[in-house]
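Survey of secondary and tertiary structure
Here's the letter readout for the chains.
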Amino acid sequence: MDMEWFYEIEAVANFICTRNFRRVSLQFPDELLKESTRVVRALREKLNVLQRSSSQVNRDVRDIGLYVMGDTAYGSCCVDEVAASHIHADCVIHFGHTCLSPTSSLPVFFVFGKALISASNSAENLCKFALASGKPVLVLFGLEYAYAMQEIKKLTVVESSKLCGSTSRLDIHYADVICSIMNPTRKLETSDEHLELVSIPTSDECSGNTTGKSYKIGGLRWSVPEGSRIEDYTLFWIGSDNSAFANVVLTFNGCEIVRYDATENQIITDFIQQRRILKRRYYLVEKAKDASIVGILVGTLGVAGYLHMIHQMKELITAAGKKAYTLAMGRPNPAKLANFPECDVFIYVSCAQTALLDSKEFLAPVITPYEAMLAFNRDTQWTGAYVMEFQQLISSTPAKSRSPSKEARFSFIQGGYVEDSELQAQSEIGDEDDKDGAVAIVNIMEKALQVRDRGPQYLVKGAANSGPEYFATRSFQGLEIYGKSSLPEPLLIGRTGKASGYEDEK
């Protein structure tokens, strides 16, 4: 497979040059990190070509810094704006699978990748299924197949004429990719009016339909005509059985769904396992209702609105008469969460495609913000509908205008539990509109590793038999960082300092 075609080297170079970006972060998932050096070399060569051929570019391309990012703290499908801010990047080039969640501050160019697919075989299977279905068919797809959708659509028209004749046509509709370039502003609303999106259209029909109801999921968007329902359609997914497909199955659980496996060239209709997931999520909601102490897990530092959702979850938990602790620990696993056995349930605030954690091996269940609203809000009942993207749950009431919750919370700075008034004075997390909000949480995590245990004086008075009291009395209270002079001898072997600049380096 041609590397320049797969990684869209020319398009990326044009994006960098036309916008005069000087410091560019290249974000790779783990499986593509081995290709990063080749991509950087090819991109540098293409930038040189553009410099020589274009009179509009007046900056020496040697001044453009290309920085490779890997090993993201959270899901690689989200843009890692925190890592990009460490090198003061002007933009991010995101390679590989993405959830296309809205970002907070940096412009992003998405390179979805290109998975192999036979356009003729997929068009033939799609038409035969649509003919036998008897219902309108809506085609959804993994973003790695977006490049092939125009060809599939053309071949579908040809195949439809063979099956139905020239006078009739199969009722097939296609979703569009939301964007390939995202230029966000800091302000987040429930609509898209503050996000500048540059789209890659895959269908003229859906983009022209503005009178019906619009839907968005996993980087795709489409509309259904006025008076129609999404349940009237059969969803035809082209792609793998991955997190993006699970998102579709759960969100549109009232629809008939089939999946076309491009590698095996066959249609799969048996989704018993996926349906069981929905039943288990309902069980976790019922179990969460009995919780008294709730941990809020920070699962992203890049998706716009995550701080707002954390504050909203705190208020929801407090209003339900429960205690809330906010925990920032990177990607959660059973070993990490086992350090907080007093938490009866955890809420994972993350993008839609990483929100569903299989918590069977965890000591306590891990639920999504939507499931938390079902569990802790007495006015909300389970209707069968399911929401994965937390942006759809953000309340229109600003967090600043709500009354502060009265609860004890863990202070990473002080290394213990403090009164709510003290925590507000510290402003550990900061306001959503603060441009350093995401970086603040990272700094707090670093400070947590520099603090010794300060004893029980930070316990809230009268909080007997509570989570804070348990933290003070148990034998393990977190990592202890020794002074430089008291480091054990084995730890002194090798280089010291940060990887970006060791102490023995100039």
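Cut-offs and rules
Residues numbered from 1 in each chain as written. Predicted model: local features only at pLDDT ≥ 70, side-chain atom pairs only at ≥ 80, totals over all residues. Heavy atoms only, no water. UniProt positions renumbered as here; feature names shortened; annotations may be inferred. Helix = DSSP H or I, 4+ residues; strand = E, 2+ residues; numbered from the N terminus. Buried < 20%, exposed > 50% of the residue type's maximum accessible area, 1.4 Å probe, protein only. Contact = heavy atoms within 4.5 Å. Areas by Shrake-Rupley, 256 points an atom, 1.4 Å probe, with all protein chains shown as cover. Core = buried A, V, L, I, M, F, W, Y, C linked by side-chain atoms within 4.5 Å. Pairing = 2+ DSSP bridges. Salt bridge = Lys/Arg side-chain N within 4 Å of Asp/Glu carboxyl O. pLDDT = per-residue confidence, 0-100. Phe/Tyr/Trp six-rings, centres within 6.5 Å; stacked < 30°, edge-to-face > 60°. Axes fitted to C-alpha atoms, helices over the stretch in contact; angles between N-to-C directions. Parallel < 35°, antiparallel > 145°, perpendicular 65-115°, else oblique. Left-handed = near helix turned anticlockwise from the far one by under 90°. Nonpolar A, V, L, I, M, F, W, Y, C, P; charged D, E, K, R; others polar. Polar contact = N/O pair within 3.5 Å; in protein donor to acceptor, adjacent residues only side chain to side chain.

- Going by what an unreviewed UniProt entry lists, the chain is known as 2-(3-amino-3-carboxypropyl)histidine synthase subunit 2 and is assigned to Heracleum sosnowskyi.
- For the record of the chain, the UniProt heading Cofactor (unreviewed entry) holds the text "[4Fe-4S] cluster".
- UniProt, in the comment section headed Pathway (unreviewed entry), describes the chain in these words: "Protein modification; peptidyl-diphthamide biosynthesis."

**Focus: the overall build of the chain**
- For the chain, the count of helices and strands is 15 helices and 21 strands.
- Looking at the chain as a whole, 49% of its 506 residues qualify as buried.
- Taking as baseline every contact in the chain between residues at least 6 positions apart, the subset at least 24 positions apart corresponds to 69%.
- For the chain, the accessible area works out to roughly 25,000 Å², and carbon and sulfur atoms hold 50% of it.

**Some words on the nonpolar core**
- Core analysis: the largest hydrophobic core is formed by 56 residues, its most contacted members being Leu-100, Leu-140, Trp-222, Ile-230, Leu-235, Ile-238 and Phe-252.
- Setting aside chain neighbours within four positions, we find Phe-252 in contact with Tyr-215, Ile-217, Trp-222, Ile-230, Leu-235 and Ile-257.

**Some words on the sheet that holds strand E14 (residues 293–298)**
- Spatial ordering of the open sheet is given by E15-E14-E16-E17, a layout of 4 strands whose pairing is parallel. This sheet does not close on itself; its edge strands, each paired only once, are strand E15 (323–327) and strand E17 (366–367).
- Across 5 bridges, E14 lies against E15 in parallel orientation. The residue of E15 that forms the bridge with Gly-295 is Tyr-325.

**Quick notes on the pattern of salt bridges**
- With the rule as written, the count across this model stands at 7 salt bridges.
- The partner of Asp-232 in a salt bridge is Arg-229, and the shortest N-O contact between them spans 3.5 Å.
- Linking Glu-286 and Lys-289 is a salt bridge whose minimum nitrogen-to-oxygen distance equals 3.1 Å.

**A word on the confidence of the model for the chain**
- Here the chain averages 77 in pLDDT, while 71% of its residues score no lower than 70.
- In this model residues 186–210 is a low-confidence stretch, pLDDT under 50, and it forms 64 contacts with partners more than four residues away in sequence or in other chains.
- With pLDDT under 50 throughout, residues 396–435 is counted as low confidence; its partners more than four residues away or in other chains account for 95 contacts.

**Topic: the packing of aromatic side chains**
- According to the stated counting rule, one finds 14 aromatic pairs in the structure shown.
- Taken together, a centroid distance of 5.3 Å and an interplanar angle of 45° make the contact between Phe-15 and Phe-109 tilted. Here Phe-15, found in helix H2 (residues 9–18), pairs with Phe-109, found in strand E4 (residues 108–111); they are 94 residues apart in sequence, far enough to count as distant. For the pair formed by Phe-15 and Phe-109, the shared burial category is buried.
- Between the aromatic rings of Phe-129 and Phe-236, the centroid separation amounts to 5.7 Å while the plane-to-plane angle is 50°, which identifies the pairing as tilted. Of this pair, Phe-129 sits in helix H5 (residues 119–133) while Phe-236 is found in strand E11 (residues 234–238), placing the two residues 107 residues apart along the sequence.
- What makes Phe-129 buried here is its relative accessible area of 14%.

**Some remarks on the packing of helix H10 (residues 306–319) against helix H12 (residues 369–376)**
- Running from amino to carboxyl end, H10 crosses H12 at an angle of 20°, the nearest separation of the two axes being 10 Å. As the angle between them shows, H10 and H12 are arranged roughly parallel. In the crossing of H10 with H12, the sense of the turn from one axis to the other is left-handed. Of H12, the residues touching H10 (which contributes Met-309, Gln-312, Met-313, Leu-316 and Ile-317) are Pro-369, Ala-372, Met-373 and Phe-376.
- Split into classes, the residues belonging to the contact of H10 with H12 amount to 8 nonpolar, 1 polar and no charged.

**A closer look at the environment of Leu-301**
- Of note, Leu-301 is situated in the loop between E14 and H10.
- Distance from Leu-301 to Gly-330, taken between C-alpha atoms, is 9.7 Å for residues 29 residues apart in sequence.

**Topic: the side chain of Lys-114**
- In this structure, Lys-114 sits in the loop between E4 and H5.
- Residue class for Lys-114 comes out buried when judged on its relative accessible area of 9%.
- Among the polar contacts made by the side chain of Lys-114, one reaches the main-chain carbonyl oxygen of Trp-5 at a distance of 3.0 Å.
- Only 3.3 Å separates the side chain of Lys-114 from the side chain of Glu-8, close enough to count as a polar contact.

**What about the pairing of strand E16 (residues 345–349)?**
- Judged by how many residues are buried, E16 sits mostly within the fold: 5 of 5 residues are covered.
- Judged by which residues are buried, E16 turns out to be covered on both faces: Val-345, Ile-347 and Val-349 on one side and Phe-346 and Tyr-348 on the other are all buried.
- Bridge count for E14 against E16 is 5 bridges, and the pairing is parallel. From the neighbouring strand, Val-294 faces E16, where its bridge partner is Val-345.

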